[in-house]
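# A look at the structure
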Amino acid sequence: MSASDVVAVDLTSDERFLLSRGLGEWGGPASPTDDLARAMGFVSTEDLWRGEGRRLREALDGGEPLTRSQWRKAVLATEIVFASDVVGSGWDWSITTGLSDEETIKLLRVVQRKVARALRMP
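First, a word on scope: everything that follows refers to the structure included in this document. Please read all numbers here as calculations on a predicted model, not as lab measurements.

Time to look at a positive patch on the surface. Judged by side-chain charge, Arg109, Arg113, Arg117 and Arg120 come together as a positively charged surface patch. Counting through the fold element by element, arginine 117 comes out in helix α7 (residues 101-120).

So, in structure tokens, the structure goes:
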């Protein structure tokens with residue numbers, strides 16, 4: 001990873017919490033497959049939960065910048081785990097994260113805009 005790959009996105013603690021919890025849900029009520037994990041950019045479900053997914057959660061919790069690829073993985077993994085009741089947390093989301101659906105949507109839309117804007121910057 002080179003310094004030019006790292007992108008600092010100015011997220012609030014609530015926005016970082018959303019992404020960290022989104023990644024964390026894959027080890028809870030969600031039921032990903034290796035194919036889904038690979039589609040999100042991870043090597044496997046093990047990598048999503050205990051490998052890079054864990055490192056991403058720790059970096060988000062610590063306020064660290066991520067690479068472009070890592071930002072994409074964190075946002076996509078959160079989008080899927082929140083919305084899907086088939087492979088994600090779905091109906092259990094608010095119970096396991098403490099975030100209501102309404103609060104999550106508001107935070108997620110802000111995160112999507114901030115990350116997309118930051119990734120477009122040279």
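This is not the end of the story, as more comes after the structure.
Relative to the helices and strands, arginine 38 is located in helix α2 (residues 34-39). Separated by 73 residues in the primary sequence, arginine 38 and valine 111 place their C-alpha atoms 22 Å from one another.

Here the focus is the pattern of salt bridges. Within the structure shown, the criterion is met by 5 salt bridges. Here arginine 21 ties to glutamate 25 by a salt bridge, and the two come within 2.5 Å at their closest N and O atoms. Given the relative accessible area of 23%, arginine 21 is considered partly exposed. Residue glutamate 25 is classed as buried on the basis of its relative accessible area, which comes to 1%. Between glutamate 52 and lysine 73 there is a salt bridge whose closest N-O contact spans 2.7 Å. You can see glutamate 52 sitting in helix α4 (residues 52-61) and its partner lysine 73 sitting in helix α5 (residues 68-83), a full 21 residues away along the chain.

Right, let's get into the side chain of glutamate 52. Overall, the relative accessible area of 13% leaves glutamate 52 in the buried class. Among residues more than four places away in sequence, those in contact with glutamate 52 are Phe42, Asp47, Gln70 and Lys73.

Another aspect to go through is the packing of aromatic side chains. Enumeration over the complete set of coordinates arrives at 1 aromatic pair. Note on phenylalanine 82 and tryptophan 93: the rings are 5.4 Å apart at their centroids and 75° apart in plane angle, and the pair reads as edge-to-face. With a gap of 11 residues between them, phenylalanine 82 in helix α5 and tryptophan 93 in helix α6 (residues 93-97) connect regions that are remote in the sequence. Grouping residues by exposure puts phenylalanine 82 and tryptophan 93 together as buried.

On to the environment of phenylalanine 82. The class of phenylalanine 82 is buried, set by a relative accessible area of 10%. Ignoring sequence-local partners within four residues, the contact set of phenylalanine 82 consists of Gly90, Trp93, Asp101, Thr104, Ile105 and Leu108.

Calculation notes
- Per chain, residue numbering runs from 1 following the sequence as it is written.
- Selection of residues for local features in this predicted model requires a pLDDT of at least 70, selection of side-chain atom pairs for listing and counting requires 80 or more, and totals for whole chains, interfaces and linings are taken over all residues.
- Only hydrogens and water are removed before side-chain values are computed, so all heavy atoms of the structure are retained for them.
- Residues enter a patch when their relative accessible area is above 30% and they make no salt bridge; the linking distance is 9 Å between like charges and 5 Å between nonpolar side chains (Val, Leu, Ile, Met, Phe, Trp, Tyr).
- Accessibility throughout is a Shrake-Rupley quantity obtained with a 1.4 Å probe, and a residue counts as covered only by protein chains that appear here.
- Within this document, salt bridges are pairs made up of a side-chain nitrogen of Lys or Arg and a carboxyl oxygen of Asp or Glu, the two lying within 4 Å of each other.
- Charge counting follows a simple rule: Lys and Arg are positive, Asp and Glu are negative, and His as well as the terminal groups are ignored.
- Lysine's charge is taken at NZ, arginine's at CZ, aspartate's at CG and glutamate's at CD.
- Secondary structure elements are taken from DSSP: a helix is a run of H or I of four residues or more, a strand is a run of E of two residues or more, and numbering for both begins at the N terminus.
- Exposure categories follow from relative accessible area, calculated using a 1.4 Å probe and restricted to protein chains: below 20% of the type maximum is buried, above 50% is exposed, and the middle band is partly exposed.
- Contacts are residue-level and defined by heavy atoms, with any inter-residue pair within 4.5 Å sufficient.
- Classification of ring pairs uses Phe, Tyr and Trp, with its six-membered ring standing for Trp, and accepts pairs whose centres are within 6.5 Å; under 30 degrees between planes counts as stacked, over 60 as edge-to-face, and the remaining range as tilted.

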